[in-house]
Amino acid sequence: MQSYPQAVSINMQPHGWSGAGSPATAFGPTATSFVQPQPVPNPQDFVLWSFFNAMFCNPFCLGFIALVFSVKSRDRKIAHDPAAAGTYGRTAKHLNIAALSLGIVVTIICIVVLVVYYNSLRVGRHF
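Residues numbered from 1 in each chain as written. Predicted model: local features only at pLDDT ≥ 70, side-chain atom pairs only at ≥ 80, totals over all residues. Heavy atoms only, no water.

**Quick word on the overall build of the protein**
- Of the regular secondary structure elements, the protein holds three helices and two strands.
- What you see in the protein, going N to C, is helices and strands ordered as β-β-α-α-α.
- Split into buried and exposed, the 127 residues of the protein put 19% on the buried side.
- Per element, the accessible surface of the protein, about 9,900 Å² overall, is 68% carbon and sulfur. (Helix = DSSP H or I, 4+ residues; strand = E, 2+ residues; numbered from the N terminus. Buried < 20%, exposed > 50% of the residue type's maximum accessible area, 1.4 Å probe, protein only. Areas by Shrake-Rupley, 256 points an atom, 1.4 Å probe, with all protein chains shown as cover.)

And the structure:
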C-alpha cells in the first residue's frame with residue numbers, strides 16, 4: 001500500500017484545437033494534481049497488554065488466550081485485513097479487561113485474607 005501522494009498529469013489543449021499532427025501538442029499546458037489516498041484504519045492489537053496479563057495476571061489462562069488473539073490480530077493487520085484484525089483485537093481487549101479485573105480482585109482478596117489471618121494469630125497469642 002502506498003502512502004505517499006501520486007502525481008497525475010493531464011494534458012490540456014485550447015478550445016477548438018485539433019492538434020492532429022502538430023508537434024506543439026506534446027508541449028501543451030499540463031496541470032498536475034496530487035491524489036491523497038484515504039487512510040486505512042489501523043486496528044489495535046493489544047500485544048503488550050496481553051503479554052503483561054499472560055506473565056503477571058493470568059487467572060483461568062485468560063491472559064494467555066488474550067495473547068493468542070492479539071497475535072492473530074497482528075497477523076491479520078500485516079495481511080491487510082483490517083476487519084478481521086479489528087475483530088481479533090476487540091476480543092483480545094475484552095479478554096485483557098477480564099483477566100486484569102479478576103487478577104486485581106483475587107490479589108485484593110488474598111491481601112485481606114492474609115491481614116485477617118495474621119491479626120487473628122496476634123490476638124490468639126495475647127497472654
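The discussion continues.
**Thoughts on unusual backbone geometry**
- With a phi close to 60°, Cys61 is a non-glycine residue in the positive phi region.
- Mapped onto the elements, Cys61 comes out in the loop between helix H1 (47-56) and helix H2 (62-78).
- With a phi close to 60°, His80 is a non-glycine residue in the positive phi region.
- Along the chain, the position of His80 falls in the loop between H2 and helix H3 (82-124).

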